[in-house]
Every structure is written in structure tokens, then in C-alpha cells.
Amino acid sequence: MIAKAKKLLLTFTMVLMVYVVAVLSPVSVSQTRVMAAECEGDYEYIYLPDNSVEITSYNGTDAQVVLPDNISGRTISVIGENAFCENKTLETVVIPESVTAIQKQAFASCENLKNVYIYSESKLKTIGEACFWMDKKLEKITFPKSLRTIEKNAFGFCAALTEVKFNDGFQSISTELVASSKIRIFGSARIALAIVRSC
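Keep in mind the model is a prediction, meaning the values are calculated, not measured.

1. Remarks on the overall build of the protein chain
Next, step 1: Of regular secondary structure, the protein chain possesses two helices and 15 strands.
Next, step 2: Out of the 199 residues in the protein chain, the part that is buried amounts to 40%.
Next, step 3: Within the structure as shown, the protein chain displays about 11300 Å² of accessible surface, and the carbon and sulfur contribution to it stands at 55%.

Encoded structure:
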């Protein structure tokens, strides 16, 4: 009887351990995204679960960069964290309509970046934290109607930034959007108020 009880206890313990490992282990690569970076031209990228592409790094030195809307036949949907961070040569960037998210610090500390063009028909929904942080030469930017969320300090310490144009449709905007920047706001009064409070 005791031996049988011990056997049952051992079986239960093993099952419990398998369950804990399965629950607490990191989500498998197949469930999130394929992390092995691919390369094409000046871009490094990864495949996302929806078969679109995230740009993870730009290795070029061009002053004007028009991002393609696809790589290897797959749509570019995300500009990844730190993808262009600390680029010293970039002056102008054109974001393709297909991009839905620009992640944290994607263009931070690009000391010569002056112009960011986003198409009016863009699908862009999210601009990540500190996305354009310390882009001291950036002067103005217009957001598409698709944009829903701008995270904190997206334009922090952009000393030359004097004009930001918003369209309707926002769902979330940080009150720390433009730390130490002085900007004229065009668009929703609610958004303008949130920004004024943070300056």
C-alpha cells in the first residue's frame, strides 16, 4: 500500500513539474517571431507570425532613405526597436504605408535627422517610447489618421521641433510626449492640452 502511494506521489510530482516548466518557460519562437535576422541590402529583418517583416537594423549611410514597403516579397509592418538609433548620416526618412508600428527608440539620437515623411494613407497605429528622442534637428511631422497611440517621450529633447500635426482617432497619448520640446500643436484640443501640460 505504501509503495503504491509513493508511486502515485512520484507520478503526480513529475506531471506537476512538466506543467510548471510548460507554463513558466518563455513562449516558443514559433508562437512569437523568428528571431534569426535575415539581410537584404542595407537592412536586417525578421519574419513575424503574420508573414510580414520587422526591420531590426539599418546598416547604410545614405542621407535620404525611402524605406521599401516589402522585403523578399513580404510586407514591412514594423520598424523595430533601435533600428536606426544613433545613425549619424540620416537626414530624411520616408515611412511606407504598410508600417503599422515604429518601436521604442527606432530613430533615437539620429543627430542629423530633419525630415520624417509618413503618407496620409499610412496604416501606422503606434509610435513607441522615445522613438525620436534627441533628434535635435527634426523640425516638423504630420501624423496620419490611422495613428492611435504615441508613447512617452516620443519627441523628447527634439530642440528644433516646432510643429506637430495630429489627425483625429487617437486612443492613447502620453503626457510626457515631448519632454523639453516647445511645439505648436495642430489637431485635437484634448491632445494639445495633454502636451501643453507636459512642457
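From this point, things continue past the structure.
2. Let's talk about the packing of aromatic side chains
Next, step 1: The tally for this structure, following the rule as stated, stands at eight aromatic pairs.
Next, step 2: Arranged with centres 4.8 Å apart and planes meeting at 75°, the rings of W133 and F157 form a pair that is edge-to-face. Pair noted here: W133 is in the loop between strand 10 (126-127) and strand 11 (140-142) and F157 is in the loop between strand 12 (149-150) and strand 13 (163-165), with a separation of 24 residues, a long-range link.
Next, step 3: Assessed through its relative accessible area of 33%, F157 is described here as partly exposed.
Next, step 4: Judged by centre distance (5.8 Å) and plane angle (50°), the rings of F143 and F155 are tilted. Remark: F155 occurs in the loop between strand 12 and strand 13 and F143 occurs in the loop between strand 11 and strand 12; sequence separation between them is 12 residues.
Next, step 5: Relative accessible area serves as the criterion here: at 1%, F155 is assigned to the buried category.
Next, step 6: Taken together through their ring pairs, the aromatic side chains of Y43, Y58, F84, F107, F132, F143 and F155 make up a single cluster.
Next, step 7: Of note, R74 hangs over the ring of Y47, and the distance from its end group to the ring centre comes to 4.0 Å.

3. Some remarks on the nonpolar core
Next, step 1: Core analysis: the biggest nonpolar cluster contains 39 residues, and I79, F84, I95, F107, F132 and F143 have the highest contact counts within it.
Next, step 2: Breaking this core down by element, the ones donating at least two residues are strand 2 (43-47), strand 3 (53-58), strand 6 (74-79), strand 7 (92-95) and strand 9 (115-118).
Next, step 3: Ignoring any residue separated from it by four or fewer positions in sequence, one finds F107 in contact with I79, F84, L90, V93, I95, I102, L113, C131, F132 and D135.

4. Topic: the pairing of strand 3
Next, step 1: Of all six residues in strand 3, five are buried; the element is thus mostly enclosed.
Next, step 2: The hairpin formed by strand 2 and strand 3 contains five residues between the paired strands, and N51 there has a positive phi angle of roughly 75°.
Next, step 3: Relative to strand 6, strand 3 runs parallel, the two sharing three bridges. The partner of E54 across the bridge, within strand 6, is V78.

5. Quick look at the state of the cysteines
Next, step 1: One pass over the structure, following the stated rule, counts zero disulfides.
Next, step 2: No disulfide involves C85; its sulfur sits 6.7 Å from the nearest other cysteine sulfur, which is in C110.
Next, step 3: C85 gets classed as partly exposed once you look at its relative accessible area, which sits at 26%.

6. A short note on the confidence of the model for the protein chain
When pLDDT is low, close inspection of the predicted coordinates is not appropriate.
Next, step 1: For the protein chain, per-residue confidence averages 78 on the pLDDT scale, and residues scoring 70 or more make up 66% of the total.
Next, step 2: Counted against residues more than four places away or in other chains, residues 18-34, with its pLDDT under 50, gives 12 contacts.
Next, step 3: In this model, residues 189-199 is a region of pLDDT below 50 whose contacts with residues beyond four sequence positions or in other chains number 20 contacts.

Criteria and cut-off values
- Residues numbered from 1 in each chain as written.
- Predicted model: local features only at pLDDT ≥ 70, side-chain atom pairs only at ≥ 80, totals over all residues.
- Heavy atoms only, no water.
- Helix = DSSP H or I, 4+ residues; strand = E, 2+ residues; numbered from the N terminus.
- Buried < 20%, exposed > 50% of the residue type's maximum accessible area, 1.4 Å probe, protein only.
- Areas by Shrake-Rupley, 256 points an atom, 1.4 Å probe, with all protein chains shown as cover.
- Phe/Tyr/Trp six-rings, centres within 6.5 Å; stacked < 30°, edge-to-face > 60°.
- Lys NZ or Arg CZ within 6 Å of the ring centre and 35° of its normal.
- Core = buried A, V, L, I, M, F, W, Y, C linked by side-chain atoms within 4.5 Å.
- Contact = heavy atoms within 4.5 Å.
- Pairing = 2+ DSSP bridges.
- Disulfide = S-S within 2.5 Å.
- pLDDT = per-residue confidence, 0-100.

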